[in-house]
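# Working through the structure, step by step
Listed below are the residues making up each chain.
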Amino acid sequence: MALIFTDSFNRASTSSSLGTAETGQPWQILNGSWRINSNRAEAIGSGNQNAVIDSGESDGSLKAKLKGNGGNSAWLTFRASNAQNYFFAEVRSDQNSINLYRRQNDQNTPLGTAPISYVEGGEVKATFIGSSIEIFYNGQSKLKAADAFNQTATRHGIGSWYTGSWHDDVSFETSTAGGGNPPAGSYRGVAHVEDYGAAGDGQKDDTSAFLSAVSYLNSVGGGLLQLSRGDYRLASLTAPIPLDNIIVRGIGMNTSRILIPSLGDNVPAFLLSSAATGYGTGMEDLYLVGPGPRQIGAITTTTVGVEATKKCFFNRVKIANFKYGININGASHVQIVGCRLEANYYNLYMQRDEGDHTILDSEFTGAAMAGIAINGDKEGHSGTWILRCHTGYCPYGIYQPAPANPGASQGFFNGWTIDNLRFEAIGNGAIYTERWNATDSGTVKDSIIRNVGFSWSDWQDHAILSRPRDYAVVLGSVFGRMVYEPGDAPFYKRAGGLGVFRLNGNGAVWRGEFDYSDFTVGGDGRSYLMPRSPRPVTVTGSTGGNVVLTMIAEDGFATSNPSRPYRKIILELTGYVNSTGTAQTIAFPAPLAKPPIVLHNTANIPGLTLGNSQITINPNNGTAYSGTIILYGY
């Protein structure tokens with residue numbers, strides 16, 4: 001950015017003028033009287049009083065430190081054509097407010113007002129680019145407006161209503177090129193990297209061009225960093241490029257590429273940290289290439305692609321060959337849409353997740369370790385929605401590593417909706433936490449999992465054969481309400497594996513399309529499962545015939561235990577014979593809180609004994625029984 005004028009008024013006091021600014025431009029008194037007193041600018045008398053400098057530039061950032069005097073305000077004056085026509089940003093110390101006005105033909109039109117915590121000597125800044133105006137107080141954005149009045153006026157300065165107010169450290173800045181004009185081919189708030197010297201040929205070092213373009217955008221309050229077709233090599237980059245209210249845009253994820261060298265341990269190439277509201281910071285239509293390469297199960301670079309500490313967005317972005325493709329570190333409400341993250345150790349890493357992310361139509365594929373990973377020391381917060389995405393060709397789909405602090409109790413994720421996230425060619429586990437068997441750790445709560453599109457892979461480029469591959473899903477304890485509707489390609493037991501779901505404990509009510517036998521869980525964890533279409537269990541009679549048992553969970557819950565659904569257990573006997581003299585025990589798919597009652601026994605079979613988790617049949621005769629027994633309980 002270029003400094004056009006500055007003045008600290010650190011010179012001899014005057015009685016009726018402000019003299020010449022430290023950068024050589026003369027102050028012009030539009031109306032009223034001004035003096036320098038104690039190294040500050042002061043108005044003398046009352047009424048509208050304005051002093052300006054002709055900068056030769058209509059766009060830029062004007063700032064000053066100032067003091068109001070009770071109800072008698074002080075302000076910044078900008079885009080003044082004469083004493084009757086200008087804008088001013090006014091501070092009212094008596095009202096703790098900042099106000100923006102257009103003064104046209106000596107009449108004020110309010111454009112906005114905002115509360116402030118007034119301090120004497122607080123800094124006011126006005127940024128005006130084209131018809132856009134933004135007002136800051138002590139570094140915080142307070143007002144925005146759009147007004148094309150006096151858009152070509154180039155005089156800017158200070159104003160006051162009454163003696164007792166003062167101004168200090170006044171300065172005006174504009175862009176780097178042409179004495180404050182944007183480079184040829186650009187316009188205010190848009191920086192084309194070629195205009196700052198970028199070659200995009202994959203050979204020349206384009207680092208300084210990127211930094212200069214970002215510096216310009218920072219000077220005008222943000223904007224668009226535009227890339228063309230090419231490979232932009234940032235060979236001398238040593239620290240993150242900060243994006244604050246800046247959008248980096250290419251012309252396609254396979255067309256505009258940014259090549260990043262090795263940086264320090266966990267240092268990102270880009271840091272998205274804007275505190276501004278809305279989605280004014282982000283990246284779109286580009287390809288960020290790290291130093292890589294990918295090696296299954298190994299960290300080959302410690303460089304991070306992008307780190308998000310505040311709300312931001314990624315649209316149609318490809319990121320590959322980093323430790324973390326995108327690292328969410330303190331941000332909430334991150335949007336990832338139409339992106340492809342591949343060949344990173346973790347494609348998407350949630351180091352410190354604050355929740356409410358929207359992840360749509362994106363791919364997290366070919367990771368060295370996991371498509372999506374959640375810090376073992378910080379669980380995934382609620383509100384994240386993953387829809388129509390893909391993860392796979394890697395060891396883990398969604399993964400939580402062991403924590404840095406082994407003694408900490410930390411959950412896995414909470415309140416997530418995972419809908420049409422395809423887990424394809426998974427080597428070790430679709431959803432897996434290393435803390436599944438630790439107390440109060442690796443927990444999941446109140447989440448939805450739908451349409452998983454799951455498949456295992458035994459290929460060594462997808463699986464780490466030295467690590468467990470026993471279950472598709474491995475969780476700690478699960479709580480709240482869970483929905484599992486897997487669709488036409490559900491999680492399944494791998495050939496040579498042990499099962500589908502492995503839970504350390506379960507206190508959650510699960511609803512959906514699954515079977516009791518899909519879950520391996522200790523204690524009475526199956527008591528809360530509510531499969532829509534449970535698979536019947538066929539048991540051969542001790543002497544002849546068989547019994548087909550089906551346990552159906554109903555919608556109602558027990559009054560004494562609201563987490564336990566009422567269950568109907570149906571036993572269909574066909575030619576059942578037991579003349580061995582030894583009782584035959586048939587286990588229920590899920591245990592009950594207490595023995596059920598018999599609603600019907602059309603088989604008229606004697607010798608039934610009911611328990612919490614089984615029925616015992618002991619007719620001890622040679623009769624063949626056919627019919628139905630219906631039990632009911634919770």
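Relevant structure appears above.
These remarks concern the structure in this document. Values in this document were obtained by computation on a predicted structure and should not be read as measured data.

What counts, and at which threshold
Residues numbered from 1 in each chain as written. Predicted model: local features only at pLDDT ≥ 70, side-chain atom pairs only at ≥ 80, totals over all residues. Heavy atoms only, no water. Pairing = 2+ DSSP bridges. Helix = DSSP H or I, 4+ residues; strand = E, 2+ residues; numbered from the N terminus. Axes fitted to C-alpha atoms, helices over the stretch in contact; angles between N-to-C directions. Salt bridge = Lys/Arg side-chain N within 4 Å of Asp/Glu carboxyl O. Buried < 20%, exposed > 50% of the residue type's maximum accessible area, 1.4 Å probe, protein only. Contact = heavy atoms within 4.5 Å. Phe/Tyr/Trp six-rings, centres within 6.5 Å; stacked < 30°, edge-to-face > 60°.

## Section: the sheet that holds strand β51 (residues 614-617)
Two strands in a sheet stick together by hydrogen bonds in their backbones, pointing the same way (parallel) or opposite ways (antiparallel). In spatial order, the strands read β48-β51-β50; together these three strands make up an open sheet with antiparallel pairing. In the strand order of this sheet, the two ends are held by β48 (584-587) and β50 (608-610), each with one partner. Adjacent strand axes in the sheet meet at a mean angle of 20 degrees, parallel and antiparallel pairs treated alike.

## Notes on the pattern of salt bridges
Inspection of the entire model under this criterion finds 28 salt bridges. Among the ionic pairs, Asp-206 bridges to Lys-204, the shortest N-O distance being 3.8 Å. Residue Lys-204 is classed as partly exposed on the basis of its relative accessible area of 37%. Arg-257 is the partner of Asp-231 in a salt bridge, and the nearest nitrogen-oxygen pair spans 2.9 Å. Taken together, the positions of Asp-231 in strand β19 (residues 230-233) and Arg-257 in strand β22 (residues 256-259) put the pair 26 residues apart, joining distant regions of the chain. For Asp-231, a relative accessible area of 23% corresponds to the partly exposed category.

## Examining unusual backbone geometry
Most peptide bonds take the trans configuration, and most residues that are not glycine carry a negative phi. Cis geometry is adopted by the peptide bond preceding Pro-293, which originates at Gly-292 and carries an omega value of -10 degrees. Mapped onto the fold, Pro-293 is located in the loop between β24 (282-289) and β25 (304-308). Positive phi, normally seen in glycine, also occurs at Asp-356, with a value near 65 degrees. If you trace the backbone, Asp-356 turns up in the loop between β30 (346-352) and β31 (358-360). We note that Asn-451 has phi near 50 degrees; this positive angle belongs to a residue other than glycine. Here Asn-451 shows up in the loop between β38 (448-450) and β39 (471-479).

## Digging into the sheet that holds strand β8 (residues 85-92)
Pairing is antiparallel in the open sheet, where seven strands are placed in the order β2-β5-β14-β7-β8-β9-β10. Of all the strands in the sheet, just β2 (28-31) and β10 (107-115) have a single pairing partner and so form its edges. Averaged over all adjacent pairs, the angle separating strand axes in this sheet is 25 degrees, with direction ignored. One ladder, built from seven bridges, connects β8 with strand β9 (residues 97-104); its direction is antiparallel. Its bridge partner being in β9, Phe-88 is matched across the sheet by Tyr-101.

## Topic: the side chain of His-357
Mapped onto the secondary structure, His-357 falls in the loop between β30 and β31. Among residues more than four places away in sequence, those in contact with His-357 are Ile-328, Ala-331, Ser-332, His-333, Val-334, Met-350, Gly-383, Thr-384 and Trp-385.

## Observations concerning the pairing of β9
Most of β9 sits inside the fold, with six of its eight residues counted as buried. The turn joining β8 and β9, which pair antiparallel and follow one another in sequence, is formed by four residues; a positive phi near 50 degrees is taken by Asn-96. Note that β9 and β10 share eight bridges and pair antiparallel. Each bridged residue has a counterpart across the sheet, and for Leu-100 the counterpart in β10 is Gly-112. Between the end of β9 and the start of β10, which pair antiparallel, lie two residues, with Asn-105 showing a positive phi angle near 55 degrees.

## A word on the packing of aromatic side chains
For any pair of aromatic rings, geometry is given as the distance between the ring centres together with the angle between the planes. Under the criterion given, the structure shown has 36 aromatic pairs. Ring centres 5.2 Å apart and planes at 35 degrees place the aromatic pair Tyr-346 and Tyr-349 in the tilted group. Classification of Tyr-349 by relative accessible area gives buried; the value is 7%. For the pair Tyr-396 and Tyr-399, a centre-to-centre distance of 4.4 Å together with 25 degrees between the ring planes defines the contact as stacked. The exposure class of Tyr-399 is buried, given its relative accessible area of 4%.

By themselves, these are just geometric observations and shouldn't be taken as functional.
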